[in-house]
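Here is how the chains run, residue by residue.
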Amino acid sequence: MLYPIATESRVVLDLSGVWKFMIDREVEPIEVSQPLPTNEVMAVPASFNDQTVSKEIREHNGYIWYEREFTVAKALRNERLVLRFGSATHEAWVYVNGKEITHHKGGFMPFEVEINDFLVEGANRLTVRLSNLLDYTTLPVGNYSEKKDENGRLIRKVDENFDFFNYAGLHRPVKIYSTPRDYIEDITIVPNVDLDAKKADVQISVKAAGNFDEVRVTILDEKGKQVAQSSGTDLNVAIENVQLWQPLNAYLYKAKVEGIKGGETVDVYEESFGVRKVEVKSGKFLINGEPFYFKGFGKHEDTYVNGRGLNEAYNVLDINLMKEMGANSFRTSHYPYSEEMMRLCDREGIVVIDETPAVGLMLSFTFDVSILEKGEFEDDTWKDIKTHEAHQQVIRELIDRDKNHACVVMWSIANEAATYSKGSHEYFEPLFNLARELDPQKRPCTYVGIMMATPKADKCTDLADVIALNRYFGWYVQNGDLKTAEEKTRQELLEWQEKYPDKPIMYTEYGADTVAGFHSAYGEPFSEEYQEDYYRMNSKVFDEIPNFVGEQLWNFADFQTKFGIMRVQGNKKGIFTRSREPKMVVRYLSDRWKNIPEFGYKK
């Protein structure tokens, strides 16, 4: 799916701004043939939850309505007009002038629909009905329940099966873009680089809708200079003296694709891409033939007021903070991030592990590994969880959206699923096969393992190219006892190394809740001193393990969660506060990461 951009043949209209808004109390039906009966407003893009001072609205579980008017200039009415949502969390029904025009389920992927046949002269009314409900069929997974109050009104409840707040709304831009009636529908770019010859053969596949006499592809370098040109919808172009896309040193080419008829250019689209080679070999993660070391974070799309809504200023700040620390990567935990962030990472040279929203794939959340000691563990997860259809859908949508991004070096199929339980391999094997079949660049695939997924108990490690672990020795277990935590960390990593000597190993989460400004002469848990001691302990062990290829800590910044006795205004594992103020440990990690090269750290 192509990102909407303005070109010589295309116009983009941004519908961001203040929309009418209301929650649906389900007392009486909403008549979409009429304007919404509300004076409430909400800004788009953003979560609705933190823009209100109403507890009822903030904590609403169920259906929500948005509405605004728009006008399309007469000059565009003969063009193909497409309404596009960057995302709508978690399910959307879309109406134009009271008529339903599309429906989409899944809260983190874009979707679009042609609207020409639904438009009227002058003002048009766009209405969106959203659901923020989650259950055992959705991704993320939610614990759904319902009851009736004393008046017989249905009360819906979602208890998150994950450790972040269930923000909802129109989180990403809503746009209308135009194309000619004959248009470029999609572009797939697969760079194959010969590192020794410094040459790349770039396979380009163009999907065109309509009739063109010629589809012309021109490759431009960063200065706008033409380096190659060819014609066709499936072609191979060569780039001599190629400039590689490197971590923290990005170089982007541009494929200018033109649909030509009668000697005139009818449609044009420009897709940026980087040339780089990614592979896993002999326990190493290689980028451009060199062993790469991941330094960075798990993070969230989470900011004050915006919630999970797109905030490009925060995106820019976050990348700048990462680079200042010597970090080179992050994982899109626990869902795909905005296209705007992916494009920024392409430009800034930030390496991304791109993750589906498959979080909460377990019935009971625990770190009690003792229940696995009896051998073949089985619970009802893979009998009760019915997410397979949603999981296939999001893998298709994610790869379709992000297939051309140079920053994406690996797909994460799930986070902290019950891969230790009988039935998990049968669930995940078709999903890994699907991802490998769909990805034109054949990137490595992984999943992120919870602490219960030990070397002895985990049943899906054979499916992953990289062993990605979330581990909290010294926090959720051995809390305050870093000496024992160090022993446990070392013992498990050596066991992974011995069992899978050809697989790279990395931490995709490790961290300790830390209250900014709390200090302790004794290094107590929750103090800034303990957070630093915790990271120093882990670093020591990481450096001992030959196949250990990366450390992505949890979390980049404090973030909002549901209420609970474990959480005071959210999760405090950030090394930055939610407002991006550094905690003490940032100095230590900056010093460590700046002294670890991107390549060849472990010879």
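Just above, that's the structure.
Small disclaimer: the values here were computed from a predicted structure and weren't measured.

Enquirer: Give me the lowdown on the sheet that holds strand E20 (residues 278-281), citing residues and values where you can.
Expert: Strand order in the open sheet made by the three strands is E20-E21-E22, with antiparallel pairing throughout. Here the strands that pair on one side only, and so sit at the sheet edges, are E20 and strand E22 (290-291).

Enquirer: Go over the packing of aromatic side chains, please, and point to the residues and values.
Expert: For the structure on display, the rule yields 40 aromatic pairs. Ring geometry for Trp 475 against Tyr 530: centres 6.2 Å apart, planes inclined by 45 degrees, an arrangement best described as tilted. Linking Trp 475 in the loop between strand E28 (467-470) and helix H7 (482-499) with Tyr 530 in helix H8 (residues 528-542), this pair joins segments that are 55 residues apart in sequence. In terms of burial, Trp 475 and Tyr 530 fall into one category: buried. Measuring from centroid to centroid gives 5.1 Å for Tyr 510 and Phe 542, while their planes differ by 80 degrees, and the two rings are edge-to-face. Here Tyr 510, found in the loop between strand E29 (505-509) and H8, pairs with Phe 542, found in helix H8; they are 32 residues apart in sequence, far enough to count as distant. Across the pair, Phe 542 and Tyr 510 agree in class, each one buried. Within the aromatic cluster, the residues linked to one another by ring pairs are Phe 108, Phe 162, Phe 164, Phe 330, Tyr 335 and Tyr 337. The ring centre of Phe 165 lies 4.5 Å from the NZ or CZ of Arg 58, which sits over that ring.

Enquirer: Before we move on, can you summarise the side chain of Thr 356 with the specific residues and values?
Expert: Looking at the element boundaries, Thr 356 is found in the loop between strand E25 (351-355) and helix H4 (381-384). A distance of 2.7 Å separates a polar atom in the side chain of Thr 356 from the backbone oxygen of Ile 413. Beyond its immediate stretch of four places on either side in the chain, Thr 356 contacts His 334, Tyr 335, Pro 336, His 391, Val 394, Ile 395, Leu 398, Ser 412, Ile 413 and Ala 414.

Enquirer: Summarise unusual backbone geometry; cite the residues concerned and give the values.
Expert: Of note, the bond from Val 44 into Pro 45 is cis; its omega dihedral lies within 30 degrees of zero at 5 degrees. Its place among the elements puts Pro 45 in the loop between strand E3 (41-44) and helix H1 (55-58). Along the chain, Trp 554 connects to Asn 555 via a cis peptide bond; the corresponding omega equals 20 degrees. Tracing the chain through its elements places Asn 555 in the loop between strand E30 (548-554) and helix H9 (585-594). In this model, Leu 248 sits at a positive phi of 60 degrees, which is unusual for a non-glycine residue. As for its placement among the helices and strands, Leu 248 is situated in the loop between strand E17 (234-240) and strand E18 (253-261). The exposure class of Leu 248 is partly exposed, given its relative accessible area of 29%. The phi dihedral of Val 305 falls on the positive side, at around 70 degrees, and the residue is not glycine. Among the secondary structure elements, Val 305 is positioned in the loop between strand E23 (294-298) and helix H2 (312-325).

Enquirer: Break down the pairing of E30 for me, citing the residues and quoting the values.
Expert: The buried fraction of E30 is high, at seven of seven residues. When E23 meets E30, the two strands line up parallel, connected through five bridges. Across the sheet, residue Gly 298 finds its bridge partner in E30, namely Trp 554. Following the chain from E29 across H8 to the adjacent parallel E30, one finds a crossover that is right-handed.

Enquirer: Any chance you could break down the sheet that holds E25 for me, citing the residues and the numbers?
Expert: The eight strands lie next to each other as E23-E24-E25-E26-E27-E28-E29-E30, forming a closed barrel whose pairing is parallel. Taken pair by pair, the neighbouring strands of this sheet meet at an average axis angle of 25 degrees, ignoring direction. Note: E28 against E29, four bridges, orientation parallel. Across the sheet, Asn 470 pairs through a bridge with Glu 509, a residue of E29. Strand contacts of H8: E29 and E30, with the helix running at about 165 degrees to E30, the strand carrying the most contacts.

Enquirer: Could you give an account of the environment of Gln 392, naming the residues involved and the relevant values?
Expert: Tracing the chain through its elements places Gln 392 in helix H5 (residues 388-402). Placed 43 residues apart in sequence, Gln 392 and Ala 435 show a C-alpha to C-alpha distance of 8.8 Å. Residues contacting Gln 392, with those up to four places away along its chain left out, are Leu 431 and Leu 434.

Enquirer: An account of the state of the cysteines is requested, with residue identities and associated values reported.
Expert: Under the criterion given, the structure shown has zero disulfides. Lacking any disulfide linkage, Cys 345 is separated from the closest cysteine sulfur, that of Cys 407, by 5.2 Å. You can call Cys 345 buried: its relative accessible area is 0%.

Enquirer: I'd like to hear about the pairing of strand E12 (residues 174-179), residue by residue, with values.
Expert: Taken across its six residues, E12 has six buried, putting it largely inside the fold. Residues of E12 alternate between two faces, with Val 174, Ile 176 and Ser 178 on one and Lys 175, Tyr 177 and Thr 179 on the opposite face, all of them buried. Two strands pair when backbone bridges link them, and strand E1 (residues 12-14) and E12 are joined in this way by three bridges, in the antiparallel orientation. Note that in E12 the partner of Leu 13 across the bridge is Ile 176. Strand direction decides the pairing type here: strand E5 (residues 80-85) and E12, joined by six bridges, are antiparallel. In the strand pairing of E12, Leu 83 is matched with Ile 176.

Enquirer: Before we move on, could you go through the pattern of salt bridges and cite the residues and values that matter?
Expert: A side chain with one charge can pair with a side chain of the opposite charge if their charged atoms come near. For the structure shown, the criterion picks out 48 salt bridges. In this structure, the salt-bridge partner of Glu 114 is Arg 80, at a minimum N-O distance of 2.9 Å. Placement of Glu 114 in strand E8 (residues 111-114) and of Arg 80 in strand E5 is noted, with a sequence separation of 34 residues between them. Glu 114 gets classed as partly exposed once you look at its relative accessible area, which sits at 40%.

Enquirer: Go over the packing of H5 against helix H6 (residues 424-438) with me, naming the residues and quoting the values.
Expert: Close contact between H5 and H6 brings their axes to 10 Å; oriented N to C, the two are set at 20 degrees. It follows from the interaxial angle that H5 and H6 lie roughly parallel. Both H5 and H6 take part in a crossing whose hand is right-handed. Of the residues in H6, those touching H5 at His 388, His 391, Gln 392, Ile 395, Arg 396 and Ile 399 are Tyr 427, Phe 428, Pro 430, Leu 431, Leu 434, Ala 435 and Leu 438. Grouping the constituent residues of the contact of H5 with H6 by class yields nine nonpolar, three polar and one charged.

Each value, and the rule that gives it
- Residues numbered from 1 in each chain as written.
- Predicted model: local features only at pLDDT ≥ 70, side-chain atom pairs only at ≥ 80, totals over all residues.
- Heavy atoms only, no water.
- Pairing = 2+ DSSP bridges.
- Helix = DSSP H or I, 4+ residues; strand = E, 2+ residues; numbered from the N terminus.
- Phe/Tyr/Trp six-rings, centres within 6.5 Å; stacked < 30°, edge-to-face > 60°.
- Buried < 20%, exposed > 50% of the residue type's maximum accessible area, 1.4 Å probe, protein only.
- Lys NZ or Arg CZ within 6 Å of the ring centre and 35° of its normal.
- Polar contact = N/O pair within 3.5 Å; in protein donor to acceptor, adjacent residues only side chain to side chain.
- Contact = heavy atoms within 4.5 Å.
- Right-handed = clockwise from strand over helix to strand, strands pointing away.
- Axes fitted to C-alpha atoms, helices over the stretch in contact; angles between N-to-C directions.
- Disulfide = S-S within 2.5 Å.
- Salt bridge = Lys/Arg side-chain N within 4 Å of Asp/Glu carboxyl O.
- Parallel < 35°, antiparallel > 145°, perpendicular 65-115°, else oblique.
- Left-handed = near helix turned anticlockwise from the far one by under 90°.
- Nonpolar A, V, L, I, M, F, W, Y, C, P; charged D, E, K, R; others polar.

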